[in-house]
Amino acid sequence: MRSGLRSSFWFALTTSARALVVARPLGGASASSRSAVGGVRGLAASATEYSLADQVARFARAKEEKNQRYLDMDSVYDGSGFKGKRVLVTGGNRGLGLATVKQLVADGAEVVVVGRKSSDELEALGPSVTVITGVDMCDDAAIAALPERVGAPIDIVINNAGYFPGSAEGETLQDMNFDEQLKQIDVCAVGPLRISSALYNAGKVSKDGGKIIIVTSQAGSVDWRFTQCPEGGNYGHHMSRAACNIGGVLLALELKKAGVPVVLLHPGFNRTEMTAKYSHIWDIEGAVESSVGAKRVLYESLRATMEQTAKFINCEDGLEIPW
């Protein structure tokens, strides 16, 4: 899910500031570089390489570098690591979630899909998919009962379910919807904690290499708001993703001693029903079909280890996103 408002901020940078960013292949600028341009927001705050805040510049750089990791996911994707694994996906009845389930089935995984309802496409995927319905991400009782319905332990938990109402776009001080803001936070931030805690506490996260994935959004990067949303707005969406991110980090820190990695993934810009309102910029910003977005998420899910735990990763280029 993309963050919304476009910005002219990036293109207002000086030539020297541009050079500091573009000159670093597949990364951002160091702390010293950031200082040199007067604390420009959206640049990396350390020597760690970061993805670019500006979506247009990010996609343009990938094309300039002929970055196959970014431009042709099929050239690097190998889903054989999912064969025989039990993978749970929330919100898997449509969009990116459904595409993720389809790819997992193709890769030989046993998939458990959890959500409020099923879909014809989901039901058509065959016996390797178990669909558990009647589970809302805000329903404490339904989620508390989930472990008994799941069966055997899960190898990979993919918290994919989210909520982004159409009314959230353009939200300003003059047009606030506090109920919707709270619902977005409840679904996107508290939802993954409900699911993950219920499964982990019931012993349903495999003790042999189990991992927890949280599909979040670049919208949760406070640092990137200065580039992507220089005029503010869209409060609920961005607050919900920032809350999701801090929740994921705290979960990762608590589960570190148990050896369970928790990784936060921005899936990239996908051509889905939810982003159809942005179809006029799909091409210039590198939006991909949900089948490609699913492979990006699954590629990073397979790579998730304790070395990546608590990291916030852009699935487009595999680089970190600053907090």
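For every chain, the first residue of its written sequence is number 1, and the numbers climb from 1 along that sequence. Thresholds applied to this predicted model are a pLDDT of at least 70 for local features of residues and 80 or more for the giving and counting of side-chain atom pairs; totals over whole chains, interfaces and linings are not thresholded and use all residues. Side-chain measures here rest on the full set of heavy atoms in the structure, leaving out hydrogens and waters.

Colleague: Residue-level account of the nonpolar core, with values.
Modeller: L88, V114, V157, L199 and I212 are the most contacted members of the largest nonpolar core, which totals 35 residues. Setting aside residues up to four positions removed in sequence, V114 forms contacts with L88, V89, T90, G91, G92, I132, V135, M137 and L146. Grouped together as the second largest cluster of nonpolar side chains are 26 residues, A109, V263, L265 and C315 included. As used here, the term nonpolar core means buried Ala, Val, Leu, Ile, Met, Phe, Trp, Tyr and Cys residues forming a set that is joined through side-chain atoms within 4.5 Å. Categorising residues by exposure relies on relative accessible area from a 1.4 Å probe, with only protein chains included: less than 20% of the type maximum marks a residue as buried, more than 50% marks it as exposed, and the intermediate range marks it as partly exposed. Should any heavy atoms of two residues lie within 4.5 Å, those residues are considered in contact.

Colleague: Any details on the packing of helix α5 (residues 95-106) against helix α12 (residues 290-303)? Residues and values, ideally.
Modeller: Note on method: axes are straight lines fitted to C-alpha atoms, helices fitted across the in-contact stretch only, with angles between N-to-C directions ranging 0 to 180 degrees. Strands are runs of DSSP state E lasting at least 2 residues, helices are runs of H or I lasting at least 4, and numbering of each runs from the N terminus. Remark: α5 packs on α12, axes separated minimally by 8 Å, with the N-to-C direction vectors making an angle of 70°. By the angle between their directions, the pair α5 and α12 is classed as roughly perpendicular. When the axes of α5 and α12 are compared, the crossing they make is right-handed. The residues of α12 that touch α5, namely those facing G95, L96, A99, T100, Q103 and L104, are S290, S291, G293, A294, K295, V297 and L298. When its residues are assigned to classes, the contact of α5 with α12 shows six nonpolar, six polar and one charged. Oblique is the label for any angle not under 35 degrees, not over 145, and not in the 65 to 115 range, which are roughly parallel, roughly antiparallel and roughly perpendicular in turn. Should the near helix be turned counterclockwise from the far one by less than a right angle, the crossing is left-handed, whereas a clockwise turn marks it as right-handed. When residues are sorted by character, Ala, Val, Leu, Ile, Met, Phe, Trp, Tyr, Cys and Pro go into the nonpolar class, Asp, Glu, Lys and Arg into the charged class, and all the rest, Gly among them, into the polar class.

Colleague: Any chance you could break down helix α9 (residues 178-201) for me, citing the residues and the numbers?
Modeller: One fewer than the residue count of a helix, multiplied by 1.5 Å, yields its expected span. An ideal rise of 1.5 Å per residue puts 34 Å on 24 residues; α9 measures up with 32 Å between its terminal C-alpha atoms. Here the bend at a residue means the angle between the axes of two seven-residue stretches, the one that ends at it and the one that starts at it. Largest kink in α9: about 45°, centred on V190, with the proline P192 one to four residues after it. Within two residues after α9, G203 carries a phi angle of roughly 75°, on the positive side.

Colleague: Provide a residue-level description of helix α3 (residues 55-65), including the pertinent values.
Modeller: Because an α-helix completes one turn every 3.6 residues, residues spaced three or four positions apart along the sequence face the same direction. Every buried residue belonging to α3 is among Q55, A57, R58, F59, R61 and A62, and all of these are buried. The residue sitting at the N-terminus of α3 and contributing the capping side-chain oxygen is D54; that oxygen lies 3.1 Å from the backbone nitrogen of V56. Downstream of α3 by a residue or two, K66 has a phi angle that is positive, lying close to 55°. Counting of polar contacts relies on pairs of N or O atoms within 3.5 Å, with two restrictions inside protein: one atom must be capable of donating a hydrogen and the other of accepting it, and residues adjacent in sequence are counted only when both atoms are side-chain atoms.

Colleague: So what's going on with the confidence of the model for the chain? Residues and values would help.
Modeller: The predicted coordinates ought not to be read in detail in places where the model reports low pLDDT. Confidence along the chain averages 87 in pLDDT terms, with 84% of residues attaining 70 or more. Looking across the chain, the model is least confident in helix α2 (residues 31-36), with a mean pLDDT of 28, and most confident in strand β5 (residues 211-215), with 99. Note on residues 1-48: pLDDT under 50 across the span, and 113 contacts to partners over four residues away in sequence or across chains. Each residue gets a pLDDT score, which is the predictor's confidence in that residue and runs from 0 to 100.

Colleague: Tell me about the environment of K295, residues and numbers included.
Modeller: By the element assignment, K295 lies in helix α12. With relative accessibility at 17%, the residue K295 sits in the buried group. Separated by 20 residues in sequence, K295 and C315 have C-alpha atoms that sit 9.2 Å apart. Beyond its immediate sequence surroundings of up to four residues, K295 is in contact with M73, D74, Y77 and Q103.

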